[in-house]
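# A structural walkthrough
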Amino acid sequence: MDIRLFEEADRPFLRTLFLAARRHSWTWLDGDDWALEDLDGVILGETVLVAFVEGHRAGFAGILPNDNFLHSLYVDPDFQGRGIGSALLEAVQRRFTSTGALKCLMLNEPAQAFYLKHGWQREATGESEQGKYVLMHFPLTTRASGKTLR
């Protein structure tokens, strides 16, 4: 598996993946108004990492580096369960310069479990356009020790 920075040639695939992954994972939301171009606004100003498996784009993560904020992490449903999400998350965590943060929708329980397994901690809850979310943090001490802190 390779992970590299976004290139413009990645955009059509990432648009398709973003739309398909949301429809696959966020089944409780009405996605009738979602469009391929939604990705463009989501990644604007972000550092985007793209994962490749055997030459095929398999997932991506978008980070707001100045905020140490993981804004999005999506893996092609056909490639899930192969460690791609973990590899992307580890690449993101290596870029953090202080405690990392993300917001995960409350109803997205598989994603919450994934982040908890990787050392993230629940910090607070809130409300967004898509519903309730949990704010999660990844302390740098977790990365430095290589261990999950409890």
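Residues numbered from 1 in each chain as written. Predicted model: local features only at pLDDT ≥ 70, side-chain atom pairs only at ≥ 80, totals over all residues. Heavy atoms only, no water.

## Digging into the UniProt feature "domain: N-acetyltransferase" (unreviewed entry) in the protein
- Here, the residues flagged by UniProt with the feature "domain: N-acetyltransferase" (unreviewed entry) are residues 1-141.
- Segment residues 1-141 splits into 31% helix and 35% strand. End C-alpha atoms: 27 Å apart. (UniProt positions renumbered as here; feature names shortened; annotations may be inferred. Helix = DSSP H or I, 4+ residues; strand = E, 2+ residues; numbered from the N terminus.)

## Remarks on the layout of surface pockets
- In this model, the largest pocket occupies a volume close to 990 Å³.
- Lining the largest pocket are 34 residues, with W26, L73, N108, A111 and Y115 positioned closest to its centre.
- For the lining of the largest pocket, the elements supplying multiple residues, two or more each, are α1 (11-25), β4 (69-75), α3 (84-95), β5 (100-105) and α4 (109-117).
- Top element by residues in the lining of the largest pocket is β4. It accounts for seven residues. (1 Å grid on protein atoms, 1.4 Å probe; cavity = no way out; pocket = protein on both sides within 12 Å on 5 of 7 lines; lining within 4 Å. Points joined across faces, edges and corners; volume = space filled by probe spheres on them.)

## Let's talk about the pairing of β4
- Among the seven residues that make up β4, six are buried, leaving the element largely enclosed by the rest of the structure.
- Across six bridges, strand β3 (residues 56-64) lies against β4 in antiparallel orientation. The residue of β4 that forms the bridge with G59 is V75.
- Between β3 and β4, which pair antiparallel and follow one another directly, the connecting turn spans four residues, one of which, N68, has a positive phi of 50°. (Buried < 20%, exposed > 50% of the residue type's maximum accessible area, 1.4 Å probe, protein only. Pairing = 2+ DSSP bridges.)

## Some remarks on the nonpolar core
- Formed by 24 residues in total, the largest nonpolar core has its most connected members in L70, L73, I84, L88, Y115 and W120.
- Taken together, the elements giving at least two residues each to this core come down to β2 (47-53), β3, β4, α3, β5, α4 and β7 (131-138).
- At five residues, the largest contribution of residues to this core is made by α3.
- Dropping the residues within four chain positions of it, Y115 is found in contact with L70, L73, L89, L102, C104, W120 and M136.
- Among the nonpolar cores identified, the runner-up in size contains 16 residues, and L17, A21, L39 and Y74 belong to it. (Core = buried A, V, L, I, M, F, W, Y, C linked by side-chain atoms within 4.5 Å. Contact = heavy atoms within 4.5 Å.)

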